[in-house]
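Topology and contacts: notes
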Amino acid sequence: MKTILVTGGAGFIGSHTCLCLTEKNYQLIVVDSNINSTNKSLEKIKYMNPNSKIIFAKGDIRDLSFMRKVFNNARENKSPIEAVIHFAGLKSVGESIANPLMYWDSNVCGSINLLKIMCEFKCHTIIFSSSATIYGNTKTNPITENEPINPTNPYGFTKAAIETILKGIFGSSESSWRIANLRYFNPIGAHKSGLIGEDPLGEPNNIFPILCKVVQGKHKELRIFGNDWPTFDGTGVRDYIHVMDLAEAHISSLEFLIENKPQYLELNIGTGIGTSVLELVKTFESVNKCKIPYVFCNRRIGDVANAVADNKKIISLLNWVPKRNIKDMCKDGWKWQSLNPKGFN
Ligand code: NAD
Ligand code: UFG
């Protein structure tokens, strides 16, 4: 049974990935500071899969001695960490503009720390949560992995910087490292059971949790940021991907890395299908039989018109295809929100 360290594993994407990993019989060590999560998500995973083996270590990846202890304990327990799936980080574009240093410190210093400890313990396999935000304003859509890296906000710069660091590490010792940068497009939805889902602490910035709050009556209306974008209906187009498809992409990436020669991968993770804000609203209304009041507002600073993944590379390389459509995302995401209006609390 292989032991995998999952940083940020109590969070939204991390918890869904942990569930899939336990179903594949991996033994997990989850490191999370809970700055944007609660470990109740992990308790739910144990409930959903009673055979799961998860050790939770609460702490910050920037704490070198804590991270050393985590790796050391695993080695002493005769289950050394074989690979790391690295989700831990801050993810709000707006917050990163307001407080860039906090983002550089948490995301970049945190990743450097993690990599130092991985080197110390000769653990050379890592899957990193990168983001489509690193592409910025692209000339072409769908976006391939060869598109220039051109972030437009500090959050995006931290993700691009971590990719650069990982590339350098791979270059320094190509015979040992197995690295995958997974560039997520827009993850939404939840596990179909409604038992785990997205539970951001504080006010959400992303459309899906905001949309759910409107339906719950916590917000009067959805503010749609712009109806004058150069898209077919004037609203922003994104490549929404079901969080379970994203979680499964991590399992496929991990298995691919472990089974193949050392290598460095950059992979888009999306469905390849663009959905406008208005289409998302209409789909949500029809699937969940509800009404979403909305108003058009000014464009949000930093937004792009269109961001859709060219996902040919991941589909041809890995044993993975996205299986769930936008209706499934709306249905499953709302099921979690409606069954758990206060999240995990
Ligand atoms: P999340 O906030 O739910 O999960 C991140 C987890 O990391 C949280 O549980 C948080 O408590 C933890 N964490 C943060 N900083 C930490 C630190 N220094 N030490 C230890 N734990 C720490 O976010 P998510 O949506 O699950 O995103 C996971 C990863 O995917 C992030 O790196 C994010 O940047 C990236 N990503 C997310 C999206 C998205 O839209 N959700 C898109 C692209 C990339
Ligand atoms: N939107 C609204 N109203 C809202 C919130 C969002 O109209 O209240 C619109 C946005 O303008 C955009 C679309 O909904 O057109 C999606 O916005 P999100 O904030 O949900 O997502 P973004 O595409 O802006 O960014 C997200 C994550 C980033 C990640 C990126 C990857 O927030 O961290 O996806 O593509 F990098």
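Now for a description of the structure that goes with this document.

Cut-offs and rules
- Residue positions are given per chain, counting from 1 as you read along its sequence in written order.
- Chains carry letters and ligands carry numbers; both start at the beginning, A for chains and 1 for ligands, and go up in the order they are written.
- It should be noted that, the model being predicted, local features are given only for residues of pLDDT at least 70 and side-chain atom pairs only at 80 or more, the latter also being counted only at that level, while totals for whole chains, interfaces and linings use all residues.
- Note that water and hydrogens are dropped before the side-chain values are worked out from all heavy atoms of the structure.
- Residues are labelled near a given molecule or strand when at least one of their non-hydrogen atoms is within 4 Å of it.
- Here a polar contact is taken to be a pair of N or O atoms separated by no more than 3.5 Å, where protein atoms must pair a possible hydrogen donor with a possible acceptor and residues adjacent in sequence count only if both atoms sit in side chains.
- Note on conventions: DSSP H or I runs of at least 4 residues are helices, E runs of at least 2 residues are strands, and numbering of each starts at the N terminus.
- Buried means the residue's accessible area, taken with a 1.4 Å probe over protein chains only, is under 20% of the maximum for its type, while exposed means over 50%, and partly exposed covers the values in between.
- Using a 1.4 Å probe, accessible areas were evaluated by the Shrake-Rupley method; residue-level cover was limited to the displayed protein chains.
- Each residue is assigned to one of three groups, with Ala, Val, Leu, Ile, Met, Phe, Trp, Tyr, Cys and Pro labelled nonpolar, Asp, Glu, Lys and Arg labelled charged, and all others, Gly among them, labelled polar.
- Pairing between two strands is assigned when DSSP locates at least 2 bridges connecting them.
- Here, a salt bridge means any side-chain nitrogen of Lys or Arg that lies within 4 Å of a carboxyl oxygen of Asp or Glu.

1. Focus: the site of ligand 2
Around ligand 2, the surrounding shell holds 21 residues, and the nearest of these are S131, N206, R223, R238 and D303. R300 places a side-chain nitrogen or oxygen 2.8 Å from an oxygen atom of ligand 2. Those elements giving two or more residues to the shell around ligand 2 turn out to be helix 7 (207-215) and strand 8 (222-225). In terms of residues, the shell around ligand 2 owes the most to one element, strand 8, which gives three residues.

2. Notes on the environment of K139
Positionally, K139 belongs in the loop between strand 5 (125-131) and helix 6 (154-172). The exposure class assigned to K139 is exposed, which follows from its relative accessible area of 84%. In the structure, K139 is positioned 146 residues away from E285 in sequence and 32 Å away in space, judged by C-alpha atoms.

3. A look at the site of ligand 1
Taken together, the neighbourhood of ligand 1 is formed by 28 residues, with D32, N36, S37, F87 and Y155 sitting nearest. The contact in question runs from an oxygen atom of ligand 1 to an N or O atom on the side chain of N36, over 2.7 Å. Between ligand 1 and the protein, one listed contact pairs a nitrogen atom with a side-chain N or O atom of D60 at 2.9 Å. For ligand 1, whose free accessible area comes to 820 Å², the fraction covered by protein is 96%. Looking at the shell around ligand 1, the elements that each hand over two or more residues are helix 1 (12-23), strand 5 and helix 6. Per-element tally for the shell around ligand 1: the top contributor is strand 5, with three residues. Its residues placed into classes, the shell around ligand 1 shows eleven nonpolar, twelve polar and five charged.

4. Examining the sheet that holds strand 12 (residues 275-276)
On the basis of which strands lie adjacent, the open sheet formed by three strands has the order 12-9-14 and mixed pairing. Here the strands that pair on one side only, and so sit at the sheet edges, are strand 12 and strand 14 (306-307). Across two bridges, strand 9 (residues 237-238) lies against strand 14 in parallel orientation. Paired with V237 across the strands is N306, a residue of strand 14.

5. Overview of the pattern of salt bridges
Within this structure, the stated rule accounts for 17 salt bridges. A salt bridge links R62 to D105, with the nearest nitrogen and oxygen atoms 2.8 Å apart. With R62 in the loop between strand 3 (53-58) and helix 3 (64-76) and D105 in helix 5 (residues 100-120), the pair connects residues that are 43 residues apart, well separated along the chain. The class of R62 is partly exposed, set by a relative accessible area of 32%. On the basis of relative accessible area, D105 is assigned to the partly exposed category, the value being 32%. For E266, the salt bridge is made with R183, and the minimal N-O distance between the two is 3.6 Å. In this pair, E266 is assigned in strand 11 (residues 264-269) and R183 in strand 6 (residues 178-184), connecting sequence segments 83 residues apart.

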